[in-house]
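Coordinates in review
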Amino acid sequence: MLAMDYRGPKRVRAVQKPMPEIKHPEDAIVKVTRSCICGSDLHLYNGNVPDTRVGTTFGHEFIGEVVEVGSEVTKLKVGDMVLVPFNIACGRCSFCQQGLFGNCHESNPMATAVGGIFGYSHTAGGFHGGQAEYVRVPYANFGPTVIPEGMDPDDAVLLTDVVPTGYQAAEMAGIQPGDTVVVFGAGPVGIMAARCAWLFGAGRVIVLDHVDYRLEFVKHYAPAEVYNFKTDMQDPVLFLKKQTDWLGADCVIDAVGAEAAGDVLQTITGRKLLVQAGSATAVHWAINSVKKGGIVSIVGVYGPTDNLVPIGNVLNKGLTLRANQASVKRLLPRLIEHVQNGVIRPKELITHRIPLEEVADGYRLFSDKLDNCIKPVLVMDSAR
Amino acid sequence: MQKHVIDPKSVPGWGIDADPQNDPTYPMKPNRTDVEQQGYTWERPTQQPADVEVLHSIERPNLSAVFGTASPPVGLSGMIRRWAFRWSENEYNHWLPLILADRVNVVEGIIEDIAHGKFPNIWKEKGYNASWKHDRTGLVLRLAAFTAVAGGLVLWLSADGGKKKAKRQKHYRGAYYEE
Ligand SMILES: NC(=O)c1ccc[n+]([C@@H]2O[C@H](COP(=O)([O-])OP(=O)(O)OC[C@H]3O[C@@H](n4cnc5c(N)ncnc54)[C@H](O)[C@@H]3O)[C@@H](O)[C@H]2O)c1
Ligand SMILES: [Zn+2]
Ligand SMILES: [Zn+2]
């Protein structure tokens, strides 16, 4: 089968690999029809996640058809069309029992801090991902969700990650009616977070990025007030203080993560020298621009070691930090409803359809933000 | 299961200010039961057999019930990874060698390609076809900068630096460098 293949920082290709096999009685094999490239994949692509091994296949946002099931799979059958949450969750451990499906303890032996994630390095369990024609899906009784009748596959594929992550970012921000919400990052996740902030009753939504075409998109899509932190201001924190009666925003969301731009020191130490676990510019700005007693919600992903963040300000300002990998399975029922009712329109984010053979060009387009790319989806030969 | 060394009920004032609503995990932990207080006691799913070498964090006693079997540790990078996994996730000794192993693994990947008779198509793998189409100036500048740095390095090594090295490494020069 054809699959994406990681060769080293900023080097990927599509090659023939052996078909995945059932390794556990609750496994299923899914024939992938659509698979996205995510901002999280860029951390792997840039070589910033420890234990990213050459020869692995990335991809954690995919949908497809069940073609084989293990002996203990009862809730799915061959032929079902499923959307597969990006987290691998058993549904039974203490964490899954309480709804923390992004923090399962039975899906990743390699790191206790991280739950299993498809195609996301050995630090997240060493699973081959879904940027391939076929993929092994563990815990098939629990994770995969049959795509509701009539749902557009482009909407379905974004329900595996982008929609739940944006929604949970807003949820964790603890937005109260009328609150001013600032979102750092106008990538797919930030765009969705800005949209969802309104669903929780925000009074004002402000988005910062330095890529104009993305700001232009979120301005209408969310909608939101948008600013370019490179051209509209010198210091984003001071700018936001002025925008908010000098007190700061009630809630601030970091939808950027380790690849953040905007601060030379952070960029050099976090992205070039790797002496910290990615550039912490966005979380730094978030802590400093939120109101005293406010909430910072972090969905931007950082590596497993340390980051330069002003923790003293968290203390002195009495802040609450909330963060997690999105618990996709927990949020799906509500979000499927929102998509079906047209409250959230995910597929409008998709700007590029790329054949799996050209996966390297897809990564480059998305990573360098070429051709006004917001969300690229890899479309498999069989699904075209 | 974890042991309670002190019986909480024997402590004066125990629980008098307990407030179930003081819960910043809501609604992220919607079915809060505190079941994890009972320790690692849940009924585990069937254990996946390990048919390849799987390194596991020493912060857990076992392999998780399922795991990925992509790219088992091999070669020099595999040796470094095995060493890294002797340390807990709390230690730099765990993470920094893993980053080193990743870099070593890249070189191993190129050697493997060549051993299989194909030289990796770096232009294609880097997605430069997309850059050529949508960001030609950027690509040309990037490649020019790379060539300038690489060229400068070669000149520096072969001229001035070369002389210095020649003095220090007189005996090895013949063996390793072609003039
Ligand atoms: N927690 C989760 O469950 C989860 C799930 C999916 C993605 N993520 C993470 O969310 C983040 C965003 O994902 P994405 O797919 O939107 O990625 P993306 O790379 O497309 O978007 C990031 C955006 O942030 C902008 N940016 C860079 N530096 C900035 C700064 N200092 N301030 C404001 N904006 C800045 C970039 O220009 C870009 O538009 C990534 O870190 C990704 O790993 C987390
Ligand atoms: Zn993702
Ligand atoms: Zn679990």
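Source: prediction; values computed, not measured.

Let's talk about the sheet that holds strand β14 (residues 290–298) of chain A
The strands making up a sheet are joined through hydrogen bonds of the backbone, oriented either antiparallel or parallel. Residue and element names in this part refer to chain A. Within the open sheet, the six strands sit side by side as β12-β11-β10-β13-β14-β15. Their pairing is parallel. With one partner strand each, in any of the chains shown, β12 (225–228) and β15 (320–323) form the two edges of the open sheet. On average, adjacent strands in this sheet sit at an angle of 20° to one another, irrespective of strand direction. In this structure, β14 lies alongside β15, joined through four bridges in parallel fashion. Residue pairing across strands places I295 opposite T320, the latter belonging to β15. The sheet contacts of helix α9 (residues 281–289) involve β10 (180–184), β13 (249–254), β14 and β15, and relative to β14 the element is tilted by about 150°.

Some thoughts on the packing of aromatic side chains
Within this structure, the stated rule accounts for 15 aromatic pairs over all chains. Measuring from ring centre to ring centre gives 5.2 Å for F217(A) and Y221(A), while their planes differ by 20°; the resulting arrangement is stacked. One end of the pair, F217(A), and the other, Y221(A), are both in helix α6 (residues 212–221), four residues apart, so they sit about a helical turn from each other. The buried category is assigned to Y221(A), whose relative accessible area is 6%. Ring-pair connections join several aromatic residues into one group, and the members of that group are Y6(A), Y45(A), F58(A) and Y363(A). Here the guanidinium or amino end of R136(B) rests over the ring plane of W132(B), the centre of that ring lying 4.2 Å away.

Some thoughts on the nonpolar core
Nonpolar side chains in soluble globular proteins generally cluster together in the buried interior. Residues and elements named next belong to chain A. Counting 109 residues, the largest nonpolar core has L159 and V207 as its most contacted members. For this core, the element with the most residues is helix α5 (residues 188–199), which contributes seven residues. Counting residues in each nonpolar core, the second largest holds 23 residues, with F184, Y227, M233 and A282 among its members.

Here is what the cut-offs are and how they apply
- Residues numbered from 1 in each chain as written.
- Chains lettered and ligands numbered in written order.
- Predicted model: local features only at pLDDT ≥ 70, side-chain atom pairs only at ≥ 80, totals over all residues.
- Heavy atoms only, no water.
- Pairing = 2+ DSSP bridges.
- Helix = DSSP H or I, 4+ residues; strand = E, 2+ residues; numbered from the N terminus.
- Axes fitted to C-alpha atoms, helices over the stretch in contact; angles between N-to-C directions.
- Contact = heavy atoms within 4.5 Å.
- Phe/Tyr/Trp six-rings, centres within 6.5 Å; stacked < 30°, edge-to-face > 60°.
- Buried < 20%, exposed > 50% of the residue type's maximum accessible area, 1.4 Å probe, protein only.
- Lys NZ or Arg CZ within 6 Å of the ring centre and 35° of its normal.
- Core = buried A, V, L, I, M, F, W, Y, C linked by side-chain atoms within 4.5 Å.

That's the geometry; what it means functionally is another story.
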